[in-house]
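# Structural description and commentary
Listed here are the chains, written in short residue letters.
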2 protein chains.
Amino acid sequence: MDIRITEVQVGKEKQDSSTLGFGLTFTDYMFMMDYTEGKGWQDAQILPYSPIALEPSAMVFHYGQAIFEGLKAYRTADGKIQLFRPEVNFARLNVSCERLSMPTVDIDFVIQALIKLLELEADWVPSAPHTSLYIRPFMIATEPIVGVRASLTYKFMIILSPSGPYYKEGINPVKIHVENHYVRAVKGGIGFAKAAGNYAAGIKPQMDAKEKGYAQVLWLDGVEKKYIEEVGTMNVFFKINGEIITPALNGSILAGVTRDSSIQLLKDMGLKVTERKISIHEVYEAFEQGLLEEAFGTGTAAVISPIGELEWDGHIMSINKGEIGPIVHELYETLTGIQNGEVEDKYNWIVKI
Amino acid sequence: MDIRITEVQVGKEKQDSSTLGFGLTFTDYMFMMDYTEGKGWQDAQILPYSPIALEPSAMVFHYGQAIFEGLKAYRTADGKIQLFRPEVNFARLNVSCERLSMPTVDIDFVIQALIKLLELEADWVPSAPHTSLYIRPFMIATEPIVGVRASLTYKFMIILSPSGPYYKEGINPVKIHVENHYVRAVKGGIGFAKAAGNYAAGIKPQMDAKEKGYAQVLWLDGVEKKYIEEVGTMNVFFKINGEIITPALNGSILAGVTRDSSIQLLKDMGLKVTERKISIHEVYEAFEQGLLEEAFGTGTAAVISPIGELEWDGHIMSINKGEIGPIVHELYETLTGIQNGEVEDKYNWIVKI
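As the structure is a computational prediction, the values presented were derived from the model and not from experiment.

Turning to the interface of chain B and chain A, a few remarks are in order. The interface of chain B with chain A comprises 60 residues on the first partner and 60 residues on the second. The junction of chain B with chain A conceals about 4900 Å² of combined surface from both sides, 65% of it contributed by carbon and sulfur atoms. Counting the contacts that link chain B with chain A gives 0 salt bridges. Inspection of the region where chain B meets chain A yields 20 residue pairs in polar contact (both at pLDDT 80 or more). Elements with a minimum of two residues in the side of chain B that touches chain A: strand 4 (52-54), helix 1 (60-63), strand 5 (66-68), helix 2 (86-99), strand 8 (132-141), strand 9 (153-163) and helix 4 (196-211) of chain B. Here the side of chain B that touches chain A takes 10 residues from helix 4 of chain B, the largest share from any one element. When grouped by side-chain class, the residues that make up the side of chain B that touches chain A number 39 nonpolar, 14 polar and 7 charged.

Let's shift gears to the pattern of salt bridges. Opposite charge on two side chains allows them to pair when their charged atoms are near. Residues and elements named next belong to chain B. The tally for this structure, following the rule as stated, stands at 24 salt bridges over all chains. Across the salt bridge formed by Lys155 and Asp34, the nearest N and O atoms sit 2.9 Å from each other. In this pair, Lys155 sits in strand 9 while Asp34 sits in strand 2 (residues 29-36), placing the two residues 121 residues apart along the sequence. A residue is classified by how much of its surface remains accessible, and Lys155, at 12% relative accessible area, is buried.

A ring pair, where both rings are aromatic, is described by two values, the distance of the centres and the angle of the planes. Inspection of every chain in the model, using the stated rule, returns 35 aromatic pairs over all chains. Following the ring pairs from residue to residue traces out a cluster consisting of Phe31, Tyr35, Trp41, Phe109, Tyr154 and Phe156 of chain A.

Counting 141 residues, the largest nonpolar core has Phe31, Phe61 and Phe156 of chain A together with Phe31, Phe61 and Phe156 of chain B as the members making the most contacts within it. Contact partners of Phe31 of chain B, with chain neighbours within four places excluded, come to Ile3, Ala44, Gln45, Ile46, Phe109, Ala113, Leu117, Phe156, Met157 and Ile158 of chain B.

Another aspect to go through is the packing of helix 2 of chain B against helix 3 (residues 107-120) of chain B. Geometrically, a packed helix pair is captured by the angle between its two axes and the distance between the axes. All names here are of chain B. In the contact formed by helix 2 and helix 3, the axes pass within 10 Å of each other and the chain directions differ by 125 degrees. Judged on the interaxial angle alone, helix 3 and helix 2 are oblique. Like other packed secondary-structure pairs, helix 2 and helix 3 cross with a definite hand, here right-handed. Contacts between helix 2 and helix 3 involve Pro86, Glu87, Phe90, Ala91 and Asn94 from the first element and Ile107, Val110, Ile111 and Leu114 from the second. When the residues that make up the contact of helix 2 with helix 3 are grouped by side-chain class, the tally is 7 nonpolar, 1 polar and 1 charged.

It is worth spelling out the environment of Ile304 of chain A at this point. All names here are of chain A. Its location among the elements puts Ile304 in strand 17 (residues 303-312). Under the relative-accessibility criterion, Ile304 is labelled buried at 1%. A C-alpha to C-alpha distance of 5.9 Å links Ile304 and Tyr332, two positions 28 residues apart in sequence.

Once chain B is rotated about the relating axis by 180 degrees and shifted along it by 0.0 Å, it coincides with chain A to within an RMSD of 0.0 Å. Expressed as an axis order, the relation between the two copies is that of a two-fold axis. Here 100% of the contact residues of chain B are again contact residues in chain A; the copies associate through an equivalent surface.

Residues and elements named next belong to chain B. Note on placement: Gln82 falls in strand 7 (residues 81-84). Engagement of the side chain of Gln82 in a polar contact is seen with the backbone oxygen of Ile338, the distance being 3.2 Å. Polar side-chain contacts of Gln82 include one of 2.9 Å to the backbone oxygen of Gln339. In this view, Gln82 contacts Lys72, Ala73, Tyr74, Thr76, Ile338, Gln339, Asn340, Gly341, Ile350, Val351, Lys352 and Ile353; residues no more than four positions away in its chain are not counted.

Before going further, it helps to spend a moment on helix 6 (residues 280-288) of chain A. All names here are of chain A. Listed in full, the buried residues belonging to helix 6 are Ile280, Val283, Tyr284 and Ala286. Across the axial projection of helix 6, the buried residues extend over an arc of 160 degrees, all falling on one side. Where helix 6 ends, the next residue or the one after it, Gly290, has phi of about 75 degrees, a positive value.

When the parts of a complex come together, some accessible area is lost, and that lost area is often used as the size of the interface. Residue and element names in this part refer to chain A. Assigned domains within chain A: domain 1 (4-164) and domain 2 (174-339). Put simply, the middle of domain 1 and the middle of domain 2, counted by C-alpha atoms, are 27 Å apart. Buried area between domain 1 and domain 2, both sides added, is near 1800 Å², and the carbon and sulfur share of it is 60%. When the area that domain 1 buries against domain 2 is broken down by residue, the three leading residues are Phe84, Arg92 and Arg99, summing to 34%. With a shortest N-O distance of 2.9 Å, Arg85 and Asp260 are connected by a salt bridge. Taken together, the links from domain 1 to domain 2 amount to 14 residue pairs in polar contact (both at pLDDT 80 or more). Among the secondary structure elements, those contributing two or more residues to the side of domain 1 that touches domain 2 are strand 5 (66-68), strand 6 (71-75), strand 7 (81-84) and helix 2 (86-99). Considering each element in turn, the side of domain 1 that touches domain 2 owes the most residues, 6 residues, to helix 2.

We now examine the packing of helix 5 (residues 257-268) of chain B against helix 7 (residues 326-339) of chain B. All names here are of chain B. Relative to each other, helix 5 and helix 7 sit at 115 degrees, their axes nearing to 10 Å. In terms of axis orientation, helix 5 runs roughly perpendicular to helix 7. Helix 7 is crossed by helix 5, and the crossing has right-handed handedness. In this structure, helix 5 contributes Thr258, Ser261, Ser262, Leu265 and Leu266 to the contact, and helix 7 contributes Ile327, Leu331, Thr334, Leu335 and Ile338. In terms of residue class, the contact of helix 5 with helix 7 is built from 6 nonpolar, 4 polar and no charged.

Cut-off values and rules
- Residues numbered from 1 in each chain as written.
- Chains lettered and ligands numbered in written order.
- Predicted model: local features only at pLDDT ≥ 70, side-chain atom pairs only at ≥ 80, totals over all residues.
- Heavy atoms only, no water.
- Contact = heavy atoms within 4.5 Å.
- Buried area = accessible area lost by both parts, 1.4 Å probe.
- Salt bridge = Lys/Arg side-chain N within 4 Å of Asp/Glu carboxyl O.
- Polar contact = N/O pair within 3.5 Å; in protein donor to acceptor, adjacent residues only side chain to side chain.
- Helix = DSSP H or I, 4+ residues; strand = E, 2+ residues; numbered from the N terminus.
- Nonpolar A, V, L, I, M, F, W, Y, C, P; charged D, E, K, R; others polar.
- Buried < 20%, exposed > 50% of the residue type's maximum accessible area, 1.4 Å probe, protein only.
- Phe/Tyr/Trp six-rings, centres within 6.5 Å; stacked < 30°, edge-to-face > 60°.
- Core = buried A, V, L, I, M, F, W, Y, C linked by side-chain atoms within 4.5 Å.
- Axes fitted to C-alpha atoms, helices over the stretch in contact; angles between N-to-C directions.
- Parallel < 35°, antiparallel > 145°, perpendicular 65-115°, else oblique.
- Left-handed = near helix turned anticlockwise from the far one by under 90°.
- Least-squares fit on C-alpha atoms with pLDDT ≥ 70 in both.
- Arc of directions from axis to C-beta.
- Domains from an automatic or database assignment.

As structure tokens, then:
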């Protein structure tokens, strides 16, 4: 499929890259294509970033067929631009599509489209430390009908946002509230999909936690409220008595790209990494025995986020005295180093533009 | 707040009301108002039904803050127009708002706005049997930022669709598949809210069931896959050995307006109605003993939908020989009679326009 390009007349002014927030502003161009049942994906185009017009009856507003991905383009020291494992993000997009009865995309084609978009927008990839061009591919149902079924038409888009660190504080350890009341997802639901509906369910608990001084919530499973699932919008890892433990993918946990990459890097750092069910009780017991050495979240937006304190039902677990632990530190340096080209990529994770 | 009106230049042509589908076409006007954090709801207006323009980064596309309601305006035999319990729908809208961290609306104001809209659109309320003007209020997050939190801006809209019966077959009994794999919602989630994300989770299971010849799925609880929750997009009732049983509201079931009205009407028909936990095993046992007398779904769109067959894990339960039972029939006649003005409204449910 050809990609039609409509040129921007006057580009936007670029912000000093050392002052960037996260996801607040967007670049000059966006990618868009449309799907119609029976005809497939059509009309691929790169056009000026601008509002889209949808019928008020468009299904995305009513029945929630909306999925997305998040990845980043990085500026290397020698001024080049590179992506980190984009094929894994688009493969996961297709997994989300299947669960929500939405049409999948051709992974090679959308990566080519993204690269074409990035070539046009190269100047927008920031260069200050801890900055990147955040890439947001997403798909929405557009058929203008009120009735619950899969839409017959969709829009797939990619928008770009030059971004600073996700947390203004940088990689400082955060305080996390273990959520005992609200549930993010349950097996048999859509928790493993990067679907809009999963996030909607988490906003109120997250806001309640913020009011109590916590940066995020740690989700427990929806069946027994016992097993650890994710933390906020990240996967979660614990170092207990020298071993790294992370919840196994079980149908209600998102298969994070940063999670997968972290497991690989931690193993190559010589650590034992185990993916299995882990209960909050086990974490608390380890804490009481002095064996809970480090804890951290992993996700594309924040990369690696150390956990300095866990609050569970009134129990406070202070981890590594609230400071960044040595493993978190090394993992962060290695992973961000590979992403921005300062550390050798032994894994073939980098796609150079 | 004043409601600004922008007049339509040329109205759309109206379809013969006996040939209407459900939710396929929309009237000439719609209601819209906008919310900004700190300023509240503003700029209430009735304007020509038309596409809305949103930033591609609008939060509704990414994080799923989207809720809706469904109710109907009915044409009475003497040509008047009336609503059925609109205040209950808008109260539930506010319950959905709270769960999804969205701003609530002033119930009196939005009912006034709806009435003003209906006065303008009176000619669109169809008169053929089993038709009505379906009313779809909905609210979406519009802030153009990529980052998971509650949006600071929203749109609330009401659109109208002249509609025939939800099932083309009318009130014929349907075959239902009991869903053992997929889960609609779980306690602690957003199942009790009329949120877009709940519907997204149900589309794939519904389509899978359709392929196997079933009209809808019956959802079991997400914890034990044992207790009955809802059927498709409706609440569900069973008549077992003379008693009417419906699952109690438990946090993962939608509090249906038709459910509530049906409970009242069934009680006034002299039946014992019990709201409690009921397992699929209990229903199957009743079937085996010949005590499963009737079963039906209740919802605004389909009103009352008799269940002729339940399929559970290979077991087939044929209910009342696949025919409409006497209780379902009487309930349907009474409820639709009140709604269209043919049966006296002893409950003060009707709002005349």
